[in-house]
Amino acid sequence: MSIRSRNVLLAFGQQAIHKPILYNLAVNYQIMFNILEARIFPRQEGRMILQLHGSMEDIDKAIKYMQEEKVEVEFLADKIKRDDDKCIHCGACTSVCRTEALCIDRKTMEVLFFPEKCIACDLCKIACPVGAVIGTSIDMDL
Ligand code: SF4
Ligand code: SF4
């Protein structure tokens, strides 16, 4: 069984915020997770960025479970994209990316982008001098 990882943004409404969702992920779906970021907003709504580790089958089941519990689940790999035609491989974005979703290939000196590691923090978008990073951060759509 190959272990995969996916970064997801979870949005908890009032219906879901007091349920033991994370406990169930671990116990019932064999999902290991890292909490990369968590915020609670007024009126008891919460957002959390989780890095899920497990088989693809277990991750899919766990996501279905969370959706059934009224948690909105969004894959962060889908939120930020790089326009490869615009990118000049200057490397400015790599110094701000804390998840190594952007890093320099020392052989070719090209900047590589691994969307599956991205947590949509938006810092690379601010750092990029040519506007090659597009998409929305997790804060933009609150
Ligand atoms: S949005 Fe944040 S995590 Fe994603 S590639 Fe840019 S700096 Fe890295
Ligand atoms: S800062 Fe922009 S142009 Fe420079 S490597 Fe990153 S995405 Fe490419």
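Treat the numbers as computed from the prediction; the structure is a model and nothing was measured.

A closer look at the site of ligand 1
Then, number 1: As a structural note, the neighbourhood of ligand 1 is formed by Ile80, Cys97, Thr99, Ala101, Leu102, Phe113, Cys118, Ile119, Ala120, Cys121, Asp122 and Cys124.
Then, number 2: Looking at the shell around ligand 1 residue by residue, the class counts come to 10 nonpolar, 1 polar and 1 charged.

Looking at the pairing of strand β3 (residues 45–54)
Then, number 1: Counting buried positions over the 10 residues of β3 gives 9, a clear majority of the element.
Then, number 2: Bridge count for strand β1 (residues 4–12) against β3 is 9 bridges, and the pairing is antiparallel. Note on β3: the bridge partner recorded for Leu9 is Ile49.
Then, number 3: With 9 bridges joining them, strand β2 (residues 32–41) and β3 adopt antiparallel strand pairing. For Met32, the partnering residue across the bridge sits in β3 and is His53.

Topic: the packing of aromatic side chains
Then, number 1: Evaluated as defined, the whole model comprises 1 aromatic pair.
Then, number 2: Taking the ring centre of Phe75 as reference, the NZ or CZ of Arg6 above it sits at 4.1 Å.
Then, number 3: Looking at Lys117, its charged tip hangs above the ring of Phe114, at a distance of 5.3 Å from the centre.

Comments concerning helix α2 (residues 56–68)
Then, number 1: Between its first and last C-alpha, α2 extends 18 Å over 13 residues, near the 18 Å set by a 1.5 Å rise per residue.
Then, number 2: By the burial criterion, the buried members of α2 are Asp58, Ile59, Ala62, Ile63, Tyr65 and Met66. Along the long axis of α2, the arc covered by the buried residues comes to 160 degrees, so they all point the same way. Facing away from the buried side of α2 by more than 90 degrees, the exposed set consists of Glu57, Lys64 and Glu68.

Notes on the packing of helix α1 (residues 21–29) against α2
Two measures define how a pair of helices packs: the angle their axes make with one another and the distance between the axes.
Then, number 1: Where α1 meets α2, the closest approach of the two axes is 11 Å, and the angle between their N-to-C directions is 145 degrees. The element α1 and its partner α2 pack so that their crossing is right-handed. Judged by residue contacts, Ile21, Asn24, Leu25 and Tyr29 of α1 engage Asp58, Lys61, Ala62, Tyr65 and Met66 from α2.
Then, number 2: In terms of residue class, the contact of α1 with α2 is built from 6 nonpolar, 1 polar and 2 charged.

A few points about the nonpolar core
Then, number 1: Leu10, Leu25, Leu50, Leu52, Met66 and Val71 are the most contacted members of the largest nonpolar core, which totals 19 residues.
Then, number 2: Examining the composition of this core, we find that 5 residues originate from one element, α2, more than from any other.
Then, number 3: Excluding anything up to four places from it in sequence, Leu10 contacts Gly46, Arg47, Met48, Leu50, Met66, Val71, Glu72 and Val73.
Then, number 4: Counting 18 residues, the second largest nonpolar core, distinct from the first, contains Leu9, Cys93, Leu102 and Cys128.

What counts, and at which threshold
Residues numbered from 1 in each chain as written. Chains lettered and ligands numbered in written order. Predicted model: local features only at pLDDT ≥ 70, side-chain atom pairs only at ≥ 80, totals over all residues. Heavy atoms only, no water. Near = heavy atom within 4 Å. Nonpolar A, V, L, I, M, F, W, Y, C, P; charged D, E, K, R; others polar. Buried < 20%, exposed > 50% of the residue type's maximum accessible area, 1.4 Å probe, protein only. Helix = DSSP H or I, 4+ residues; strand = E, 2+ residues; numbered from the N terminus. Pairing = 2+ DSSP bridges. Phe/Tyr/Trp six-rings, centres within 6.5 Å; stacked < 30°, edge-to-face > 60°. Lys NZ or Arg CZ within 6 Å of the ring centre and 35° of its normal. Expected span 1.5 Å × (residues − 1). Arc of directions from axis to C-beta. Axes fitted to C-alpha atoms, helices over the stretch in contact; angles between N-to-C directions. Left-handed = near helix turned anticlockwise from the far one by under 90°. Contact = heavy atoms within 4.5 Å. Core = buried A, V, L, I, M, F, W, Y, C linked by side-chain atoms within 4.5 Å.

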